[in-house]
Amino acid sequence: MSHDGLGPRAVMRSVAFLTAGALAVPLLSACSAEDKAGKPLAAQDIAPAARAQITDGGTLRWAVDAVPETLNTFQADADGTTTRVAQAVLPSMYRLDANGRPRLNPDFLESAKVVDTEPRQVVLYRLNQQAVWSDGREIGAADFAAQWRALSGKDSAYWTARNAGYDRIEKIERGANDLEVRVTFARPYADWQSLFSPLYPKDVMGTPDAFNDGARRKIKVTAGPFSLKQVDREKDRIRLTRNPRWWGRPAKLTEIVLTAVPRDERAGRLAEGDLDVAEIDPAAARSIDSAAGAAGPLSGPGAGRTAAKALRSWTVADAGGSAEDRDVHAREDLRRAVAAWEWRKRELRGYEVRKSLEPAYTQLALNGADGPLADERVRRAVARALDREELAKVVLKPLGLPAVPVGSHLALSGQEAYADNSGALGGQDTEEAQALLADAGWVPGGPVKKGEKAAGSEGEKSDAGESDGEKKAGDTEKKADRDDKSEGGDDGTYIVGQDGKAPADHGRDHETHGRQLAQDGKQYLNRQGAPGAYAPRGTAAPAGAAREALAKDGKALTLRFVLPAGPGSESLRLVAGRITRMLDKVGIRTETTKVSDESYFKDHIASGEYDLALYSWPASAFPATDARPIYAKPVPGADGSLSVEQNYTRVGTDQVDQLFDQAVSTLDKEEGRSLIRKADARIWAAAGSIPLYQRPQLTAVRKNLVNVGAFGFQTPVYEDMGFLEKGAKVSSSPSRK
């Protein structure tokens, strides 16, 4: 999100957009601040404790996905670890609270307000008089001005990811004294609180060379509770140490060590005691939660067999040797397995899982560039076929998290701009979905010309082998049934911007760069074919059975569902399988293609090589700025291509663009909220993307570590993290109440 100084890359792609008259959206009146925003669906889970209860000192070992390629959050290859470092070592004028709303940071600001609106908007910042850089220099107007010039977009020598907001500034100057900074805008800017967070020293922003290269591997001058001590790329770790010049509440920890640990290795590293904090997947969470009373190696299927048979099951039979010898080997294997299991369980008892919901949501994206989904009626039929509440339950209910569908593309429950606008499209309604398809000319059992390809995007075999569209329906249903028995959890969905790679240029389209909103993460989905099995002619169809396939102009209605093939995708397999069956019920078939994680986004989503896909967008505190590129109507280029920015569904309207433009330019907060909600209602009606559920956030934390865990919306407060004093107790975590 822009508050964290990250931005997703903008990619130019072709798009099919909707006409103005096609959308029938109820108008939204201006709303009071709290009438529709509600509160977060899940509280943050960080074991809050007073500073007096925390010991002074200690090293916090924190797992991250990678040591970042750059420490400059305003560059295109910045990632979640870039943000984490910046939050701990650099100034931020505003931080997000537990409701995802910006709050003034008193460590750096005494006040910040709009002091003039005519003839120009002027914001006056009054800095904390103690605020200094680690080299002793005062933080001041020169730092603000250098960052503005670097990010304004006027000098192409600066390799910036995006310039939103900074391009609206006319000038920056010193105020009445050194503690005042006056920022004058050439055009009104509602999201001015998103700027200068983080703020880099003028040494980094002052020249293109310093900006482009100086802060990629090190930040010499900092101004936060911690300083950047070391970036060790051989050992894949970053060391942050207390800043001796920090004027705020002193950091409780002596050091924070950020270590790159692959997600599938984190449970083992936790058991070995190598980590104190790590975001984990549901399987690791189950191991930790059950460590005190988990079933052992002899539990599960076959647990009731005789001891001899159970022992034999723990060895692999071979052609030679007697049964007695094999039993001896089996006993030894079992002894080692039990010992390892007991050791692992004992070590994991020192941790607990703190859980909340991420400030990001998973969506079903519908590519409206061409094919059946270029028709708004077909997109709306897909949406009306979905039971979003059921999909949310699949992922969140097994984790004990609120299974509530997301009602907005532009904010999440608790944020100021949030309102449930899904009524602009309508809920699950099989009959309505079928009527929309019939109106679009798709009829059951229509003739399909021999040799004609399906009407969706051209399918291709997955990187892993066959396309699911080639599987037998019976085999597909059996696999879907097995998936349904899995537990929910981290859906593994691809979060845009989290791969740390800029999308490549593909075919007719062209690449640009934009802000990266998302934290580093993973992407996983499942392949599912059309469920069903053959029965004798005349057999009555069971309730909820798939409808006869639809066809039009000699082509069957089959949509290509593109999914990544990486590990850790249990919950997402459930979601993809459920969606497939829901679409089957209205006559829409899917052909699922699995592709490698590396190619999933750049070669398929960004380049438009899909019909249906699952990936996530983060929620921003500044949707008028950050969400506009995601839903912008394509703009024709000189070469005939269309720039879609981050609108990977290729669906956009003039009305949505106008509402975003109005929202970002008004300084009336209530009017701005109303405009954002109207824009969201129109995005719902266009049915280019369907928000499903807020993503789960699972964090393994050592039990005596406080003020850290599943942060939810809130910006972490690094100086308050630490280990409890002996004998100190904290209130129960929301996860364990």
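**Student:** Can you explain the overall build of the protein? Please cite residues and give values.
**Tutor:** On a plain count of helices and strands, the protein comes out with 18 helices and 26 strands. Each of the 737 residues in the protein was classed as buried or not, and the buried ones make up 57%. Long-range pairs, those at least 24 residues apart, make up 78% of the contacts in the protein with a sequence separation of at least 6.

**Student:** Can you tell me about the sheet that holds strand β6 (residues 122-127), naming the residues and giving the values?
**Tutor:** Reading across the sheet, the 4 strands line up as β5-β6-β8-β7 and stay open at both edges, with antiparallel pairing between neighbours. Both outer strands of the open sheet, β5 (109-116) and β7 (169-174), are each paired with one neighbouring strand and no more. Taking the axes of each pair of neighbouring strands and ignoring which way they run, one obtains an average angle of 15° across the sheet. Relative to β6, β5 runs antiparallel, the two sharing 6 bridges. Among the inter-strand pairings, V114 is bridged to a residue of β6, identified as V123. Strand contacts of helix α2 (residues 141-151): β6, β7 and β8 (180-185), with the helix running at about 160° to β7, the strand carrying the most contacts.

**Student:** Which residues make up the sheet that holds strand β14 (residues 443-444), and what values go with them?
**Tutor:** Spatially, 3 strands are ordered β14-β17-β18 in an open sheet, and the strand pairing comes out antiparallel. Lying at the two open borders of the sheet, with one neighbouring strand each, are β14 and β18 (555-556). In the sheet, strand β17 (residues 550-552) pairs with β18 via 2 bridges, with the strands oriented antiparallel. Paired with A551 across the two strands is A556, which belongs to β18.

**Student:** So what's going on with the packing of aromatic side chains? Which residues, and what values?
**Tutor:** Any aromatic ring pair is given by two values, namely how distant the centres are and how the planes are angled relative to each other. Under the criterion given, the structure shown has 19 aromatic pairs. Here the aromatic rings of F108 and W246 are separated by 5.9 Å at their centres, their planes lie at 55°, and the arrangement is tilted. Of the two residues, F108 sits in the loop between β4 (102-104) and β5 while W246 sits in the loop between β10 (237-242) and β11 (255-260), which places them 138 residues apart along the sequence. Of the aromatic side chains, those joined through ring pairs into one cluster are F74, Y94, Y125, F144, Y166, W192, F196 and Y200.

**Student:** Any chance you could break down α2 for me, citing the residues and the numbers?
**Tutor:** Burial analysis of α2 places 9 of its 11 residues in the buried class, the great majority of the element. Residues A141, D143, F144, A145, A146, Q147, W148, A150 and L151 constitute the buried set of α2. Looking at the buried side of α2, the elements it contacts are β6, β7, β8, α3 (202-205) and α4 (208-214). In the stretch just after α2, G153 is the one whose phi turns positive, near 85°.

**Student:** Summarise the pairing of β6; cite the residues concerned and give the values.
**Tutor:** Extensive coverage of β6 is indicated by the burial of 5 of its 6 residues. Bridge count between β6 and β8: 5 bridges; the pairing is antiparallel. Bridge pairing links R126 to E180 in β8.

**Student:** Tell me about helix α17 (residues 654-665), and name the residues and values.
**Tutor:** Over its 12 residues, α17 runs 17 Å from end to end, which matches the ideal 16 Å to within 8%, given 1.5 Å per residue. Among the residues of α17, Q655, V656, D657, L659, F660, A663 and V664 are the ones counted as buried. Where the residues of α17 are buried, they touch α15 (623-626), α16 (628-631) and α18 (669-686).

**Student:** Residues and numbers for unusual backbone geometry, please.
**Tutor:** Here the residue pair E118 and P119 is connected by a cis peptide bond, since its omega of 0° sits within 30 degrees of zero. You can see P119 is positioned in the loop between β5 and β6. Cis geometry marks the peptide bond from S197 to P198, where omega comes out at 5°. Positive phi, close to 55°, is recorded for D553, a residue that is not glycine. Here D553 lies in the loop between β17 and β18. Positive phi, close to 60°, is recorded for N707, a residue that is not glycine. Secondary-structure assignment places N707 in the loop between β25 (705-706) and β26 (722-723).

**Student:** Would you mind going over the packing of helix α9 (residues 376-385) against helix α11 (residues 430-439) in detail, with residue names and values included?
**Tutor:** It is the contact of α9 with α11, at a shortest axis distance of 8 Å, that shows an interaxial angle of 165°. Taken as axis vectors, α9 and α11 run roughly antiparallel relative to one another. Of the two elements, α9 crosses α11, and the hand of that crossing is left-handed. Across from R377, V378, R380, A381, R384 and A385 in α9, the residues of α11 making contact are T430, E432, A433, L436, L437 and D439. Here the residues of the contact of α9 with α11 sort into 6 nonpolar, 1 polar and 5 charged.

**Student:** I'd like to hear about the nonpolar core, residue by residue, with values.
**Tutor:** In globular proteins that are soluble, nonpolar side chains generally tend to be buried together. Counting residues in each nonpolar core, the largest one holds 104 residues, and the members touching the most others are W62, Y125, F196, L240 and Y631. Here this core gets 7 residues from one element, more than from any other, and that element is α2. What Y631 contacts, discounting residues up to four positions off in sequence, is Y361, H409, L410, W617, N647, V651, G652, V656, D657, F660, I683 and S689. Judged by nonpolar contacts, the second largest core, of 65 residues, contains L348, L386, V394 and L557.

**Student:** Can you lay out the packing of helix α10 (residues 388-396) against helix α13 (residues 570-584) for me, pointing to particular residues and giving the numbers?
**Tutor:** Where α10 meets α13, the axes come as close as 9 Å, and the angle between the chain directions of the two elements is 160°. By the angle class used here, α10 and α13 are roughly antiparallel. Between α10 and α13 lies a crossing whose hand is right-handed. Only S571, L574, V575, R578, I579 and M582 of α13 make contact with α10, whose side of the interface consists of E390, L391, V394 and V395.

**Student:** Explain the confidence of the model for the protein to me, using residue names and the numbers behind them.
**Tutor:** Looking at the protein as a whole, its pLDDT mean stands at 82, while 75% of the residues score no less than 70. Residue range residues 294-319 is modelled with pLDDT below 50. Its contacts to residues more than four positions away, or to other chains, number 28 contacts. Here residues 497-542 is a poorly scored stretch, pLDDT under 50, and it has 181 contacts once near neighbours within four places are set aside; other chains count.

**Student:** Break down empty space enclosed by the protein for me, with residues and values.
**Tutor:** Throughout the structure, instances matching the rule amount to 8 cavities of 30 Å³ or more. Roughly 170 Å³ of volume is contained in the second largest cavity. Around the second largest cavity, the lining is made up of 20 residues, and of these A86, Q87, L90, S92 and R95 lie nearest the centre. Of all the secondary-structure elements, those providing two or more residues to the lining of the second largest cavity are α1 (80-89) and β3 (94-96). In terms of residues, the lining of the second largest cavity owes the most to one element, α1, which gives 3 residues. Its residues assigned to classes, the lining of the second largest cavity comprises 9 nonpolar, 7 polar and 4 charged.

Rules used in this analysis
- Residues numbered from 1 in each chain as written.
- Predicted model: local features only at pLDDT ≥ 70, side-chain atom pairs only at ≥ 80, totals over all residues.
- Heavy atoms only, no water.
- Helix = DSSP H or I, 4+ residues; strand = E, 2+ residues; numbered from the N terminus.
- Buried < 20%, exposed > 50% of the residue type's maximum accessible area, 1.4 Å probe, protein only.
- Contact = heavy atoms within 4.5 Å.
- Pairing = 2+ DSSP bridges.
- Axes fitted to C-alpha atoms, helices over the stretch in contact; angles between N-to-C directions.
- Phe/Tyr/Trp six-rings, centres within 6.5 Å; stacked < 30°, edge-to-face > 60°.
- Expected span 1.5 Å × (residues − 1).
- Parallel < 35°, antiparallel > 145°, perpendicular 65-115°, else oblique.
- Left-handed = near helix turned anticlockwise from the far one by under 90°.
- Nonpolar A, V, L, I, M, F, W, Y, C, P; charged D, E, K, R; others polar.
- Core = buried A, V, L, I, M, F, W, Y, C linked by side-chain atoms within 4.5 Å.
- pLDDT = per-residue confidence, 0-100.
- 1 Å grid on protein atoms, 1.4 Å probe; cavity = no way out; pocket = protein on both sides within 12 Å on 5 of 7 lines; lining within 4 Å.
- Points joined across faces, edges and corners; volume = space filled by probe spheres on them.

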